[in-house]
Amino acid sequence: MNTDPIKCMSHNRRLNAAELEIDLFCKGIRIHESCDLARDARVFAKARAGLGSGLEIYIPGQKRIWLNVPVLENFASKSPYELRRENENYKVYHTLDKESYDIELPPAPDWYFRQTSTGVEMQKIGVLQGTYLGIYLHDVCSFWKSDPRENCKFCATGINVGPAGTDKQKKSVREVVETAQAAKAESGVTFVHFNTGFQDYKGLDLSAPFVKAIKEEVGALVGLQAIPSQELWKYDWLIDCGVDHFSFCYELHNPDEFAKYLPGKQRMITQQAFFDAMEYTSRKMGKGRVSGEIIAGIEPIEDTLKAIDYITSIGAFPTVCIFRPVKGSDMEDWPSPAYDDMIRVFRRVYEGCMKNGIPVGLTPNIEVSLIVQPTDAEQLVEPSLQYYLYKTKLALMRPLVGMIYRRAIQPRTIRADADHPPISSTGKNESA
Ligand code: SF4
């Protein structure tokens, strides 16, 4: 292991865009005094679990690479990267390698500062995370309210949601619809992603009306990340209400690490419940419509690689977050992950998708700034016969997916009753 901090920070070469993205996630960035972020950038949104707490940027190129770069966390103050503004353009400098990279700062949209009809600033309802709209629904996660607290150790939701944070607690359907309508009209948003934290086993039931309203009154793809339910029939109901994508944040693959760092999920949910729900929905919806979300940089890397192999083997899409020791979380003093480890992880992400034929990058206009997307990780693998076959298959699928997508972003009537879950096959209404 290289223990020389200067050598750990240097590459002595120019990085490609995916390598730069990963290195920025790992090391963060310092802001030079030439920058005017209040004028030029999106606000630092302390929303949801806190992963989006940094600076939204994209690296221009044939494919824009979006990322949310850590700025506020302790490790970022020691970063070799510095953001500077020169003649109205922004560049990222690697101060040891003497390399500079052009980047763009997406400005904060006007609707962030407008109010809903209930008088709430729309950026307290939802924020852009890349090109999609991210919204935390419902009350603060119950793991933050228990005594003693049982929150996931990396998470800052309990600080970000509610009076002390930037995210409004208990948003109404009306507030969410108005914000999503503005985001679609003015920022071109076509994907709304909800997450919920733990809502005492009612997360799916509480989310259904929001899903239906987006489908009927906005017209957008809808993703839902909620704590899994053992009542698997509820996923059928949510699909009828309009969910296009489910994600399951089981975070750590090693069962001992899961128990250690996710005490609430261990005691109240179990890791197996995540696997059951993910496998059920993946079978039901087909390849690439479900994500397994994990964090790389807490458990040993071999466990992260096993997680990627497992997730892709069941036809799901690995959403891998590079661990960020977020300010205010129980792990804020942890080191950020090593660049070389993260390169291994994201190479495996692309290889896993390729090996299992998981479609990636087919849905237009969904760029996620919180993670390194498989389409970004493509730059980390050597082209091979398997690579070219996979790329050909994706190219053939693209027109059909484009057609489905164009239909999916039109408002439409949903027949399912989102306020009352159907009676389950056991004859018992299990929503209570
Ligand atoms: S389930 Fe864990 S990560 Fe999600 S909001 Fe609750 S404490 Fe945070």
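The structure presented is a predicted model; accordingly, all values stated were derived computationally and were not measured. (Residues numbered from 1 in each chain as written. Predicted model: local features only at pLDDT ≥ 70, side-chain atom pairs only at ≥ 80, totals over all residues. Heavy atoms only, no water.)

Draft legend 1. Region of interest: unusual backbone geometry. Omega for the peptide link from Asp147 to Pro148 comes to 5 degrees, which places this bond in the cis form. Relative to the helices and strands, Pro148 is located in the loop between β8 (132-136) and α4 (157-160). Phi is positive for Glu88, which is not a glycine, with a value near 75 degrees. Position of Glu88 among the secondary structure elements: in the loop between β4 (81-86) and β5 (89-94). For Asp200, which is not a glycine, the phi torsion comes out positive at approximately 55 degrees. For Asp200, a relative accessible area of 44% corresponds to the partly exposed category. (Helix = DSSP H or I, 4+ residues; strand = E, 2+ residues; numbered from the N terminus. Buried < 20%, exposed > 50% of the residue type's maximum accessible area, 1.4 Å probe, protein only.)

Draft legend 2. Examining the domain arrangement of the chain more closely. Looking at the assigned domains, one finds that the chain contains domain 1 (12-103) and domain 2 (110-408). Spacing between the C-alpha centres of domain 1 and domain 2 amounts to 23 Å. Between domain 1 and domain 2, the contact holds 37 residues from the first and 47 residues from the second. Together domain 1 and domain 2 conceal approximately 3400 Å² of surface at their shared face, both sides included; 57% is due to carbon and sulfur atoms. At the boundary of domain 1 and domain 2, one finds 2 salt bridges. Residue Lys63 is joined to Glu367 by a salt bridge in which the shortest nitrogen-to-oxygen separation is 3.0 Å. Linking domain 1 with domain 2 are 12 residue pairs in polar contact (both at pLDDT 80 or more), by the criterion used here. Every element with two or more residues in the side of domain 1 that touches domain 2 is listed here: α2 (17-27) and β3 (65-69). Here the side of domain 1 that touches domain 2 takes 9 residues from α2, the largest share from any one element. Looking at the side of domain 1 that touches domain 2 residue by residue, the classes come out as 18 nonpolar, 7 polar and 12 charged. (Domains from an automatic or database assignment. Contact = heavy atoms within 4.5 Å. Buried area = accessible area lost by both parts, 1.4 Å probe. Salt bridge = Lys/Arg side-chain N within 4 Å of Asp/Glu carboxyl O. Polar contact = N/O pair within 3.5 Å; in protein donor to acceptor, adjacent residues only side chain to side chain. Nonpolar A, V, L, I, M, F, W, Y, C, P; charged D, E, K, R; others polar.)

Draft legend 3. Representation of the sheet that holds β5. The strand order β1-β4-β5-β6 describes an open sheet built from 4 strands, whose pairing is mixed. Single-partner strands in this sheet number two, and they are β1 (30-31) and β6 (99-103). By the bridge criterion, 5 bridges tie β5 to β6 in an arrangement that is antiparallel. Within β6, the position partnered with His94 by the bridge is Glu99. α2 rests against β4, β5 and β6 of the sheet, and its axis sits at about 110 degrees to β4. (Pairing = 2+ DSSP bridges. Axes fitted to C-alpha atoms, helices over the stretch in contact; angles between N-to-C directions.)

Draft legend 4. Representation of the sheet that holds strand β10 (residues 221-225). Taken in spatial order, the 7 strands make up an open sheet running β7-β8-β9-β10-β11-β12-β13, and their pairing is mixed. Sheet topology places β7 (127-129) and β13 (317-322) at the edges, where each strand pairs with a single neighbour. Neighbouring strand axes in the sheet, compared pairwise and without regard to direction, differ in orientation by 30 degrees on average. Here β7 pairs with β8 via 3 bridges, running antiparallel. Within β8, the position partnered with Leu128 by the bridge is Leu133. Its contacts with the sheet place helix α5 (residues 173-187) against β7, β8 and β9 (191-195), and it is angled at close to 165 degrees to β8. Each of β11 (245-251), β12 (290-296) and β13 is contacted by helix α11 (residues 301-313), which is oriented at about 180 degrees to β12, the strand it contacts most.

Draft legend 5. Inspection of the packing of α2 against helix α12 (residues 339-355) at higher detail. It is at 10 Å that the axes of α2 and α12 come closest, and there the two elements cross at 130 degrees. Relative to α12, the element α2 lies oblique. Handedness of the α2/α12 crossing: right-handed. Within the contact between the two elements, α2 uses Glu19, Ile22, Asp23, Cys26 and Lys27 and α12 uses Tyr339, Met342, Ile343 and Phe346. Tallied by class, the residues present in the contact of α2 with α12 amount to 6 nonpolar, no polar and 3 charged. (Parallel < 35°, antiparallel > 145°, perpendicular 65-115°, else oblique. Left-handed = near helix turned anticlockwise from the far one by under 90°.)

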